[in-house]
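Here is how the chains run, residue by residue.
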Amino acid sequence: MEKIVPKPSENNYTLLMRIILSLIFVIISVARGNGQTSGIITTVAGDGSYDAPAAVTDGVAATTVPISCPRDITVTANGVIYIADFLHNRVRKVSSSGVISTVAGGGSSSYYSGANATYISLPSSPHYIDVDTANNIYFTAGFFVLKVTAGGIITTVAGDFS
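What comes next is a walk through the structure. (Residues numbered from 1 in each chain as written. Predicted model: local features only at pLDDT ≥ 70, side-chain atom pairs only at ≥ 80, totals over all residues. Heavy atoms only, no water.)

This part takes up the overall build of the protein. When helices and strands are tallied, the protein shows one helix and ten strands. N-terminal to C-terminal, the α/β element order of the protein is α-β-β-β-β-β-β-β-β-β-β. Buried residues in the protein amount to 40% of all 162 residues. In the protein, of all internal contacts separated by at least 6 residues, the share reaching a separation of at least 24 is 37%. Per element, the accessible surface of the protein, about 8400 Å² overall, is 56% carbon and sulfur. (Helix = DSSP H or I, 4+ residues; strand = E, 2+ residues; numbered from the N terminus. Buried < 20%, exposed > 50% of the residue type's maximum accessible area, 1.4 Å probe, protein only. Contact = heavy atoms within 4.5 Å. Areas by Shrake-Rupley, 256 points an atom, 1.4 Å probe, with all protein chains shown as cover.)

Written out as structure tokens, the structure is:
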């Protein structure tokens, strides 16, 4: 991990966010393991920046894109990482080969149960996340528990707009 120093245009809040994000990336790296026994910690997701949702990119190395305030992660048995990317209002997936993609949120349509998970915007930013053995993704978003099937369809497990 590189030394974090303040940038000339950075305020204390932004600097603190970069430090927190860097620590979270280290935690992700340790949680993933990668079978390494050398004791070297490597970043597996995020570039250390704090960027707006417009900067979100899919299909590239996960270490080249911003992850903004990740609230939770889960790692599957085959090394896939799922990240609740809070400020980007998305659930992100890092493949075992290190490529990042969006699996829920980021779309322009309003949320509705039964939609393609990447076509809609989430009702609220994601917080807690988990994956079952059938590769269904469960996460909280505001007062909802949502599920994304392995086929990419999002449904409401619990909660409503009332």
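Moving on, there is more to tell.
All right, on to the layout of surface pockets then. What the second largest pocket holds in volume is close to 170 Å³. Taken together, the residues of the lining of the second largest pocket break down into six nonpolar, six polar and one charged. (1 Å grid on protein atoms, 1.4 Å probe; cavity = no way out; pocket = protein on both sides within 12 Å on 5 of 7 lines; lining within 4 Å. Points joined across faces, edges and corners; volume = space filled by probe spheres on them. Nonpolar A, V, L, I, M, F, W, Y, C, P; charged D, E, K, R; others polar.)

For the rest of this paragraph, the subject is the packing of aromatic side chains. Taken as a whole and judged by the stated rule, the model has one aromatic pair. Taking 6.3 Å as the distance between ring centres and 55° as the angle between the ring planes, the aromatic pair formed by Y111 and F144 counts as tilted. Taken as a pair, Y111 in the loop between β5 (99-105) and β6 (115-116) and F144 in strand β9 (residues 144-148) lie far apart in primary sequence, 33 residues in all. The exposure class of Y111 is buried, given its relative accessible area of 11%. (Phe/Tyr/Trp six-rings, centres within 6.5 Å; stacked < 30°, edge-to-face > 60°.)

Spatially, five strands are ordered β6-β10-β9-β8-β7 in an open sheet, and the strand pairing comes out antiparallel. Edge positions in the open sheet fall to β6 and β7 (126-131), since each of these has one partner strand only. As paired strands, β7 and strand β8 (residues 137-141) are joined by four bridges and run antiparallel to one another. Paired with I129 across the two strands is F139, which belongs to β8. (Pairing = 2+ DSSP bridges.)

Membership of the largest hydrophobic core comes to 19 residues, with the highest contact counts inside it found for I137, F139, L146 and I154. Every element with two or more residues in this core is listed here: β5, β7, β8 and β9. In this view, I154 contacts Y111, Y112, S113, G114, A115, A117, I120, L122, F139, L146, K147 and V148; residues no more than four positions away in its chain are not counted. (Core = buried A, V, L, I, M, F, W, Y, C linked by side-chain atoms within 4.5 Å.)

Before going further, it helps to examine the pairing of strand β3 (residues 81-85). Of all five residues that make up β3, five are buried, and the element is covered over most of its length. Here β3 shows two buried faces, one formed by I81, I83 and D85 and the other by Y82 and A84. One ladder, built from five bridges, connects strand β2 (residues 70-75) with β3; its direction is antiparallel. Each residue of the ladder has a partner; that of V75, found in β3, is I81. Two elements, β3 and strand β4 (residues 90-94), share five bridges in a ladder whose sense is antiparallel. Its bridge partner being in β4, A84 is matched across the sheet by V91. Here β3 folds back onto β4 in antiparallel fashion, the turn holding four residues, of which N89 has a positive phi close to 55°.

Bear in mind that shape data such as this cannot, by itself, settle questions of function.
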